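# Architecture at a glance
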Amino acid sequence: MSAFDWMDEALCAQTDPALFHPDRDGSYSTAAKVCGSCPVREQCAQHAERLEGGVSRALRHGLWAGHTPNARAKQAAAELAEDQETDVRDSLIRRLHQRGGMTIAQIGAEVGCTARTVHRVLTRRAAA
Ligand code: SF4
């Protein structure tokens, strides 16, 4: 069994590949319909994410799992921004906790998250 076995069920492999790589003025609409009924769409989306990682829009090509290069680039940028926001928030939680004098609930109120999130961040740090 290989990590690529799912590709055997890919509907795009049974259609015209040009549909998934239209000319500059072309449309993805027919390919998107194929993706819409593809049984391995989830695996395809995960594969595209692994393959493309955080690359720019210019390095993304073709339709994957029904998502255009623009859509995938926007999604990747949003996820990166979210990760960075989380890093900043977690760092602030740790600094407030190290400084002392605040309860978990007070730290959460200061940072704008729940006490449960504060606890999770501090516990994760302790376990690391
Ligand atoms: S979801 Fe992925 S594997 Fe399935 S048809 Fe679309 S591009 Fe091909």
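This section reports on the structure supplied with the text. (Residues numbered from 1 in each chain as written. Predicted model: local features only at pLDDT ≥ 70, side-chain atom pairs only at ≥ 80, totals over all residues. Heavy atoms only, no water.)

## Description of the layout of surface pockets
Empty space within the largest pocket amounts to approximately 380 Å³. Those elements that provide at least two residues to the lining of the largest pocket are helix 2 (41-52) and helix 3 (69-99). Residues that form the lining of the largest pocket fall into these classes: 10 nonpolar, 5 polar and 7 charged. Of all the elements in the fold, those that place two or more residues in the lining of the second largest pocket are helix 1 (29-36) and helix 2. Here the lining of the second largest pocket is built from residues that sort into 14 nonpolar, 1 polar and 1 charged. (1 Å grid on protein atoms, 1.4 Å probe; cavity = no way out; pocket = protein on both sides within 12 Å on 5 of 7 lines; lining within 4 Å. Points joined across faces, edges and corners; volume = space filled by probe spheres on them. Helix = DSSP H or I, 4+ residues; strand = E, 2+ residues; numbered from the N terminus. Nonpolar A, V, L, I, M, F, W, Y, C, P; charged D, E, K, R; others polar.)

## Some details on the site of the ligand
Close to the ligand lie Ala10, Cys12, Phe20, Val34, Cys35, Cys38, Arg41, Cys44, Leu63 and Ala65. With respect to the pocket detection grid, the ligand is positioned in the second largest pocket. At the level of elements, helix 1 and helix 2 are the ones that each hand at least two residues to the shell around the ligand. Within the shell around the ligand, the residues separate by chemical class into 9 nonpolar, no polar and 1 charged. (Near = heavy atom within 4 Å. Sits in = over half its atoms within 2 Å of the grid points.)

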